[in-house]
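Structure at a glance
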Amino acid sequence: MSITDENTTVVIIGAGVSGLTLGNFLLRSGIDCVIVEKRSRDYVEQRQRAGVVDTRGVRMFREWGLEDRVLGGAPLQLVMNFRIDGETRPLEFASDDYADGRFCPQQVLVRNLIDVFISDGGDLRFEADVSSVHIADEHPRVHYRDSAGTSRTLTCEFITGCDGDRGVSRAAIPAETLTRYAHEYGYAWLTILAEVAPNHQSMMSLHSRGFAGQFARGPHASRFYLQCPLDTSATQWTDEKIWAELETRFGEPVADKGRIVNTQLVPLRSVVYSPMSYGRLYLLGDAAHIVPPMSAKGMHLALHDAEVLTKAIVHYQANDHDSSPLESYSSTCLDHVWNYQAFAAWWTELVHNAGDVSYQGEFRHQIARADFKRLFESGSANRLFGEFITGMN
C-alpha cells in the first residue's frame, strides 16, 4: 500500500539534536513540519552522546522560550581538570559574562526536545525508514516506509538532512557538486561507558602512553577515553586491561570500577562538506560536518545550524518568498564551522601531543607543552580559549 498525498512545509530527516531543535523552532514559528526518524523512540532517547550545552546554546534556547523546558543538569563548571605528569592541575578559564553553559547529557536534551515537540502538537514519526529523497524540482519529496511496512510519500517545500554522517539526505546531492574536506588525526579513542559515579564533570590526563579522560554522563555514569593506535581492536581491551591502563595514565587508582556497559573505537577526524545546501535540501549537524570529540563542539555546531536555517525559513515565509537568507545558509554556517574546526584541530593536537611523544615527535611535544603552559599563564590566551569553550567566539 502506498500513500502519496501528504503535504507539509518542511520535512526533517532525523530526530537528533539538530532535527529536533529545528522542528521545535519551526513549530513555535507557526511553520508546519514533519520529523521522520529511522530508529525507535526508545533507541533515540537512550543513545549516549556528548554532555555539554555551551553558553551560546543555552542562550539560544532561552531566546526561543525553551530553556526551562528542554535543558536539565547542573551549570557548566568553568574549569577543566588535568592530570599532568601525575599531578592534578585545574585549568580555570576566563568567561567574562559567558557563564551560562549547562552540563546536560545529550540523551536528556533529546528526550526533552521530543516531549516538548509532541506535547506542542508536532508530527514526529519514529521507525520511518527513508528510501529516497527527490530534490530535482520545486516540489521535493521524501519516500519512506513506516513501522507497519506501508510506503509513504511526503511532498514539501524544503527537506532538511539531519540524519548524520551515514544518512540518506547527503547522498541525494550530486557527487560532482559536493566537496568533502577531511583531516585524519592518526589515532583513535577507545570510548568506554561505565557505571561509575564521576568525581568531576571532567578529568583528563596527559601521559606518555597517550591521552586518557573521564567525563560525567549523569550522577552514576562516566564516559572514559583512551588514546589508541588506529589498528587497535576494541575486542583486545578486556575490562581488566581497561582499568589497568586508566590507572596507569591517571597515575592513581580508580576507586570505583563499576560495570562497563559498552566499548567502541572512534578514529579522530575532522570533516566538512561544502556546500551545505543543494536546491531545496539543507544539511545540518553531522550530515554536514564532524569535529573530533576532544573539542566538544559537535552539539554547538548542530544547534547553530538549526537556528540559522529556522530564521531563513521564517524569513522566506514572512517576506513573500524572499530566499536570500536561504541562499546564504551554507556560507553563513560554513564561516562558523571553519572557525570551530580550527579550534577543534588546534585543541585536539595540543592535548595529544602534550602527552604522546611518539605521535609527532619531541619537537611537536615541546610546542604543545608551551601552548598548554600559556593557557595557565597568559590572560589573553586564556580568554580566547574561554570564548571557544563557551561557544561565544
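Placed above this text is the structure.
Attention here is on the structure that accompanies the text. (Residues numbered from 1 in each chain as written. Predicted model: local features only at pLDDT ≥ 70, side-chain atom pairs only at ≥ 80, totals over all residues. Heavy atoms only, no water.)

1. Looking at the layout of surface pockets
- Of the volumes computed, that of the second largest pocket is approximately 320 Å³.
- For the second largest pocket, the lining is made up of 15 residues, of which Asn199, Gln214, Glu252, Pro253 and Val254 are closest to its centre.
- Looking at the lining of the second largest pocket residue by residue, the class counts come to 8 nonpolar, 5 polar and 2 charged. (1 Å grid on protein atoms, 1.4 Å probe; cavity = no way out; pocket = protein on both sides within 12 Å on 5 of 7 lines; lining within 4 Å. Points joined across faces, edges and corners; volume = space filled by probe spheres on them. Nonpolar A, V, L, I, M, F, W, Y, C, P; charged D, E, K, R; others polar.)

2. Here's the deal with the packing of helix α9 (residues 329–353) against helix α10 (residues 357–377)
- Relative to each other, α9 and α10 sit at 110°, their axes nearing to 7 Å. Between α9 and α10, the angle is such that the two are roughly perpendicular. Each of Trp346, Trp347, Glu349, Leu350 and Asn353 in α9 lies in contact with α10, whose residues at this interface are Tyr359, Gln360, Arg364, His365, Ala368, Asp371, Phe372 and Leu375.
- Class assignment for the residues of the contact of α9 with α10 results in 7 nonpolar, 3 polar and 3 charged. (Axes fitted to C-alpha atoms, helices over the stretch in contact; angles between N-to-C directions. Helix = DSSP H or I, 4+ residues; strand = E, 2+ residues; numbered from the N terminus. Parallel < 35°, antiparallel > 145°, perpendicular 65-115°, else oblique. Contact = heavy atoms within 4.5 Å.)

3. What to know about the state of the cysteines
- Following the criterion strictly, the structure yields 0 disulfides and no others.
- There is no disulfide at Cys104, and the cysteine sulfur nearest it, in Cys162, is 19 Å away.
- The structure places no disulfide on Cys162, whose sulfur is separated from the nearest cysteine sulfur, that of Cys33, by 10 Å. (Disulfide = S-S within 2.5 Å.)

4. Some remarks on the pairing of strand β11 (residues 151–155)
- Across 5 bridges, strand β10 (residues 141–145) lies against β11 in antiparallel orientation. Along β11, the bridge assignment pairs Tyr144 with Arg152.
- The antiparallel pairing of β10 with β11 creates a hairpin that spans 5 residues between the two strands, and Gly149 there sits at a positive phi of about 90°. (Pairing = 2+ DSSP bridges.)

5. A look at unusual backbone geometry
- Omega for the peptide link from Ser274 to Pro275 comes to 0°, which places this bond in the cis form.
- Residue placement: Pro275 occurs in the loop between β17 (260–274) and β18 (277–278).
- You will see that Ala296, though not glycine, has its phi angle at about 55°, which is positive.
- Mapped onto the elements of the fold, Ala296 is located in the loop between β20 (289–290) and α7 (298–318).
- We classify Ala296 as partly exposed; its relative accessible area is 45%.
- We note that His321 has phi near 60°; this positive angle belongs to a residue other than glycine.
- Examined against the element boundaries, His321 turns out to sit in the loop between α7 and α8 (324–327).
- Overall, His321 belongs to the partly exposed group, its relative accessible area being 46%. (Buried < 20%, exposed > 50% of the residue type's maximum accessible area, 1.4 Å probe, protein only.)

6. Quick notes on the sheet that holds strand β6 (residues 87–92)
- Across the sheet, which stays open at both edges, the 8 strands sit in the order β6-β5-β14-β15-β16-β13-β17-β20 with mixed pairing between neighbours. The open sheet has two edge strands with one neighbour each: β6 and β20.
- As paired elements, strand β5 (residues 79–84) and β6 share 6 bridges and run antiparallel to each other. In the strand pairing of β6, Arg83 is matched with Thr88.
- The strands touched by helix α6 (residues 239–250) within the sheet are β5, β13 (179–194), β14 (202–206), β15 (212–216), β16 (222–228) and β17, with β16 carrying the most contacts at an inclination of about 80°.

7. Quick word on helix α3 (residues 55–63)
- Turning to α3, its buried residues are Thr55, Arg56, Gly57, Val58, Met60 and Phe61.
- The elements touched by buried residues of α3 are α1 (17–28), β4 (52–53), α4 (67–70), β7 (102–103), α5 (106–119) and α7.
- Sitting at the amino-terminal end of α3 is Asp54, which places a side-chain oxygen 3.2 Å from the backbone nitrogen of Arg56.
- Positive phi shows up at Gly65, right after α3, with a value of about 75°. (Polar contact = N/O pair within 3.5 Å; in protein donor to acceptor, adjacent residues only side chain to side chain.)

8. A few points about the environment of Met276
- Relative to the elements of secondary structure, Met276 occurs in the loop between β17 and β18.
- By relative accessible area, which is 0% here, Met276 ends up buried.
- Distance in space between the C-alpha atoms of Met276 and Ala288 is 6.1 Å, their sequence separation being 12 residues.
- Filtering out sequence-adjacent residues up to four positions away, Met276 remains in contact with Leu281, Tyr282, Leu283, Ala288, His289, Asp305, Tyr329, Ser330, Cys333 and Leu334.

9. Observations regarding the sheet that holds β18
- Strand order across the open sheet formed by 6 strands is β8-β3-β2-β12-β19-β18, with mixed pairing between neighbours. The open sheet has two edge strands, β8 (123–125) and β18, and neither has a second partner.
- Here β18 pairs with strand β19 (residues 281–283) via 2 bridges, running antiparallel. What sits directly across from Ser277, in β19, is Tyr282.

10. What about the side chain of Lys297?
- Mapped onto the elements, Lys297 comes out in the loop between β20 and α7.
- Look at Lys297 and you get buried, because its relative accessible area is 3%.
- At 2.7 Å, the side chain of Lys297 forms a polar contact with the backbone oxygen of Ile389.
- The contact partners of Lys297, leaving out residues within four places of it in the chain, are Asp54, Val291, Tyr340, Phe388, Ile389, Thr390 and Gly391.

11. Structural notes on the pairing of strand β12 (residues 158–161)
- Covered by surrounding structure in β12 are Phe158 and Thr160 together with Ile159 and Gly161, the residues of both alternating faces.
- Of the strand pairs in this sheet, strand β2 (residues 10–13) and β12 are connected by 4 bridges, and their pairing is parallel. Looking across to β12, one finds that Ile12 is bridged to Thr160.
- As judged from the 3 bridges shared by β12 and β19, these two strands associate in the parallel manner. Counted as the bridge partner of Gly161 is Leu283 from β19.

Coordinates in, geometry out; function isn't part of it.
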